[in-house]
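These are the residues of each chain, in order.
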Amino acid sequence: MLFQIDRDSFLDGLTKTVPISEKRTPLPILSHILMNVDESHLVLTATDLEVGLKITSEAAVQEPGMLAVPSKKLYEIVRELLPGQVTVKSTETQRILIESGESVFELAGMDATDYPAWTTGKEVETAQVQASRLLYMIDKTMFAASTDDSRFNLNGILFEKEGEEHIKLVATDGHRLALIHGELGIRPVSNVIVPRKGLAELKRLLESLKGEISLGFEEKNLFVSTDRLMMTVRLIDGDFPDYRKVIPEPSDTIVRVPHSQFTHTLRRVAILTSDRNKGVNIKVSSGKMELKTTHPDLGTARDVMDVEYSGEEFLVIVNAAYLIEAVGVIDTDSVSIEFREEGAPVILRPIPSKDYFNLVMPMRK
Amino acid sequence: MAGRIRVLDEKVINRIAAGEVVERPVSVMKELVENSIDAEATSIRLEIENGGKKLIRVRDNGTGMSHDDAFQALERHATSKLKTELDLVGIATMGFRGEALASIASVSRLTLMTREEADPAGTVITVEGGTIRSADRKGMAVGSMVEVRNLFFNVPVRRKFLKATATEAGHVHEAVTRFALAFPGVGFTYIEDGKLKMDAPAVGSTYERIYTLFSKDVRENLVEVNHSAHEGSLKGYVAKPPYARSNMRSVLTFVNGRSVKDRLINSAVTRGFANLMERGRYPFAILFIELPPDKVDVNVHPQKAEVRFVNPKQIYDLILDGVYDALTGAPYRVPGGTRREYGLPRSPTDSLSRHLSREDPEEAPRSDPGHSASPSSLPQDAATQQATAGGDVPAPATIPGHAADVTHAPRLGHQTGPFSSLGIVGRIPGSFVILHNDEELIVMDQHAAHERILFDDLVRSERRGEHLESQDLLIPQVIEFSVVEARALARHLGVLHTAGFRIEEFGEKDFVVKGVPSWFNKDDVEGLLSELVDVMLDTGVRGDPGRLREELLKSVACRTAVKESENMHAEEIRTLLKTLDRKGSPEVCPHGRPLMAKFPFAEIRRKLGRR
């Protein structure tokens, strides 16, 4: 293997791939990046077996070849090099020489054939989707996914077919739920769960991209690709709970609140919550909403805001952090909050209504 | 066949009674010492040979007896302490059955020497197997002396049942210790085979007596117990964990000054330590229970070791609450100390420190950051103290590398407590926190420390009647148990409700979980419930909802505490230490594991080959 590559283009590829490989792993080869050089390209590959990413860069190749190289060190070296051309060369002894100006690095690599193979999804049907649209749908739901590894089937977002055209994304941790539906031009073969870990990488990638991407699903994998990169995310095997049962009929008890004022009021009173007292007591009466919290050791907080509501007074306790997150993903100036009888979910929706809503189960004392 | 049934003759009766009263040397010794105490002695000298098998001698400076009384005393049921049946109800003296001397005399060679103040000369009577061999008048000091030789010489079967000399002597020593604790105002001298084993001069308080009797590590860990409820009161001292012993023998309890070994009392003491002791470890406790005489029956056992309470539940609660509050209350009440003291003051009185320096010349008072030296320290003590503090104390230094995240010198000063006065060396990444004081390197388990704080908070808020929050589940979870488990769980649902679980029965073996406590971050309800069901099965037979509740609170604390692997910042460590001080928490986690492991610099120096 012998090629020249522009330092900035090399660094860009590494910046995207290294975070995936960098994680602590019992398999040493996974902390390596696979460098695969064909006639005119350098392909960098990183995987942690959950997520895989392949990035192609233009290179002036004299001699094709393959080698797995320690990802973090390679990244650090390239990052510190001066702009310009970098010459990369492999030796007989599975080492790699990196030369730029007067700087020379020799780095021990590993046999490329040991690098885990992963599915490339070449034959999968794909659709062109705006990266920002997929990102939007993930952002509206991902916060509600469980962070507890022990419930792996809740540990991600459900991608579900809806009707003939639509797709629905649902996430829940058992205490709350977020749902968005819309069109992506393509739907998974069956309902699939994209794990939180893969979502995080996917999100980061989508944030760095502009324009359209190709999205494809396979039974066990999700693919996102552009002309120069491709990401594979492994899907979770597991049954997503039947969330439909818990989404109630619309309620008449609706309170309308201004978004930013509600958020700020919640944040203020949430200061006096604790690990064991997470709830905010919400008392709604005609035109008013009173929010109260109690920290068992420190004290209490109380705040009142004007709201649009006419009806009987009621009281509900909701986890303050859940409410803050739920309101946080709503992107309109007004929020509608639907309340129900004790023990039934509280539903938050944007006003005017959009393609998403989320739901929080109340607490009791 | 007439005349078969006869009234037993006096000697036979005495020998039968002896079987009840006198079982082994220690019982003889106890009877005699009790007599001495009842005779208002202020100094008692005990001597045994061969574990008491060969000789038991008790000499006191009490009131003594007249010539006639001395003879009377050797008769069965002869006592100066009771006159009528009515007196039995309010017994305030040690002995009362009037069996002792006669019984002992019937199974040994006994010499009684006694003199009343009014009498110009003392009386000497020798008895052998219950028969008076000689009686004489002799000049002696006021008081009594009883010498018991060759115990059971005429009852070979009994003699065979006696244990090895060391065992018998051990029992005697323990009993003397108990007496010495119960009667600090009486001086005790105890000699075993000519060797002085205890020399405890009369002192003003039990606490000073403890100083004489117990080693430094016990004394340093004692906290005061002082609790009253209903008509009873509980006073004394317990050693705060992790200090522990491997058996129950260091739980010394007294009811109205009488040493008892009562199961109810012992179980209450153990309960009081329940969240502080590891399994298989036992507390050190010296506890005095005072009750009106009509609330306790001491006439159940010939050796008076067992007692019966009129209201056992009240006694149980009295002890449990007293011990628990002393161990968990903040700050510890420490004898002679100010409010913020955590250890026993080094020298409570001049006479005591004199006593100490004689008995324990090696022990110099240590420098003690955060504590003021006791004003009564002798001048040379203060000098030693300074030398220790200013001498070869290793100065905290910044160690380059991972562990050196934070380095603080121990804070000296009067306002800080024992935890916050520790210097922070740093933390091992993903592991424990390293601290130090002047003398030791200390490894702290931050998870255990945090757990202890949270647990104490929880217990306190539970006592205030606070309910824990419950988070409703979006999708109720159905969990299946075995039939036995299900039955246990069904019985204890109430406890789980107060802890924030909303669980309902759902068929015979299934339960539906509709809500979980909000502290419960992890979603593994099934795992937590099966842990709790195990506890229920463990305790459920006896129906101990208290323990289950504690077990629940332990889970809460354990699951909300910082993990060992979580890295804490210097400020967080500092705050943790301060909180430990503020709460005055014992140095163990709710499961009874110690919070800290200490490595004296002296030991480290030795290991590094430095002297």
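Here goes a summary of the coordinates provided. (Residues numbered from 1 in each chain as written. Chains lettered and ligands numbered in written order. Predicted model: local features only at pLDDT ≥ 70, side-chain atom pairs only at ≥ 80, totals over all residues. Heavy atoms only, no water.)

**Examining the sheet that holds strand 9 (residues 103–108) of chain A**
Residue and element names in this part refer to chain A.
Here is step 1: Read across the sheet, five strands follow the order 5-1-7-8-9 without closing on themselves; strand pairing throughout is antiparallel. Single-partner strands in this sheet number two, and they are strand 5 (60–63) and strand 9. The sheet shows a mean angle of 20 degrees between the axes of neighbouring strands, taken without regard to direction.
Here is step 2: Bridging between strand 1 (residues 2–6) and strand 5 involves three bridges; their strand directions are antiparallel. Bridge pairing links F3 to V61 in strand 5.
Here is step 3: Contacts from helix 1 (residues 7–21) reach strand 1 and strand 7 (85–90) within the one sheet, and its direction differs from that of strand 1 by about 90 degrees. (Pairing = 2+ DSSP bridges. Helix = DSSP H or I, 4+ residues; strand = E, 2+ residues; numbered from the N terminus. Axes fitted to C-alpha atoms, helices over the stretch in contact; angles between N-to-C directions. Contact = heavy atoms within 4.5 Å.)

**Some points on the pairing of strand 20 (residues 288–295) of chain A**
Residue and element names in this part refer to chain A.
Here is step 1: In this sheet, strand 20 lies alongside strand 19 (residues 279–285) in antiparallel orientation, the contact comprising five bridges. Across the sheet, V284 pairs through a bridge with M289, a residue of strand 20.
Here is step 2: The turn linking strand 19 back onto strand 20 is made up of two residues, and G287 within it adopts a positive phi angle of 75 degrees.
Here is step 3: The sheet contact formed by strand 20 and strand 21 (residues 299–306) spans eight bridges and is antiparallel. Each residue of the ladder has a partner; that of K288, found in strand 21, is D306.
Here is step 4: The turn joining strand 20 and strand 21, which pair antiparallel and follow one another in sequence, is formed by three residues.

**Here we look at the nonpolar core**
Generally speaking, a soluble globular protein has its nonpolar side chains buried in company with each other.
Here is step 1: Grouped together as the largest cluster of nonpolar side chains are 106 residues, with contacts concentrated most on F3(A), F10(A), M35(A), F262(A), M289(A) and L348(A).
Here is step 2: Residue contributions to this core peak at six residues, all from helix 6 (residues 320–328) of chain A. (Core = buried A, V, L, I, M, F, W, Y, C linked by side-chain atoms within 4.5 Å. Buried < 20%, exposed > 50% of the residue type's maximum accessible area, 1.4 Å probe, protein only.)

**Some words on the pattern of salt bridges**
Here is step 1: Per the counting criterion, the structure on display carries 41 salt bridges over all chains.
Here is step 2: We note a salt bridge from E338(A) to R349(A), for which the minimum N-O separation is 2.8 Å. With E338(A) in strand 23 (residues 334–339) and R349(A) in strand 24 (residues 346–351), the pair connects residues that are 11 residues apart, well separated along the chain.
Here is step 3: Residue class for E338(A) comes out buried when judged on its relative accessible area of 4%.
Here is step 4: In this structure, E480(B) engages K509(B) in a salt bridge whose closest nitrogen and oxygen atoms are separated by 3.8 Å. With E480(B) in strand 19 (residues 470–480) and K509(B) in the loop between strand 20 (502–506) and strand 21 (510–517), this pair connects stretches of sequence that are 29 residues apart.
Here is step 5: Accessibility expressed as a relative area gives 33% for K509(B), which makes it partly exposed.
Here is step 6: Overlapping salt bridges bring together R45(B), E47(B), R57(B), E147(B) and R149(B) as one network. (Salt bridge = Lys/Arg side-chain N within 4 Å of Asp/Glu carboxyl O.)

**Overview of unusual backbone geometry**
Here is step 1: Looking along the chain, the bond that leaves I351(A) and enters P352(A) is cis, with omega of 0 degrees.
Here is step 2: Locating P352(A) in the fold gives a position in the loop between strand 24 and strand 25 (356–360).
Here is step 3: Within the chain, N50(B) stands out as a residue other than glycine whose phi angle is a positive 55 degrees.
Here is step 4: Its place among the elements puts N50(B) in the loop between strand 1 (43–49) and strand 2 (55–60).
Here is step 5: With a relative accessible area of 38%, N50(B) lands in the partly exposed category.

**With respect to the packing of helix 6 (residues 165–182) of chain B against helix 7 (residues 206–213) of chain B**
Residue and element names in this part refer to chain B.
Here is step 1: With their axes 8 Å apart at the nearest point, helix 6 and helix 7 run at an angle of 150 degrees to one another. Two secondary-structure elements touch here, helix 6 through T177, A180 and L181 and helix 7 through T206, R209, I210 and L213.
Here is step 2: Split by residue class, the contact of helix 6 with helix 7 holds four nonpolar, two polar and one charged. (Nonpolar A, V, L, I, M, F, W, Y, C, P; charged D, E, K, R; others polar.)

**Concerning the sheet that holds strand 9 (residues 222–229) of chain B**
Residues and elements named next belong to chain B.
Here is step 1: Spatial ordering of the open sheet is given by 9-10-13-11-12, a layout of five strands whose pairing is mixed. In this open sheet, the two edge strands, each paired with only one partner strand, are strand 9 and strand 12 (258–260). Adjacent strand axes in the sheet meet at a mean angle of 20 degrees when their direction is disregarded.
Here is step 2: As defined by bridge partners, strand 11 (residues 251–255) adjoins strand 12 across three bridges and the pair is classed as antiparallel. In the strand pairing of strand 12, F254 is matched with S259.
Here is step 3: Of the strands in this sheet, strand 11, strand 12 and strand 13 (285–290) touch helix 9 (residues 263–272), which is tilted by about 125 degrees from strand 11.

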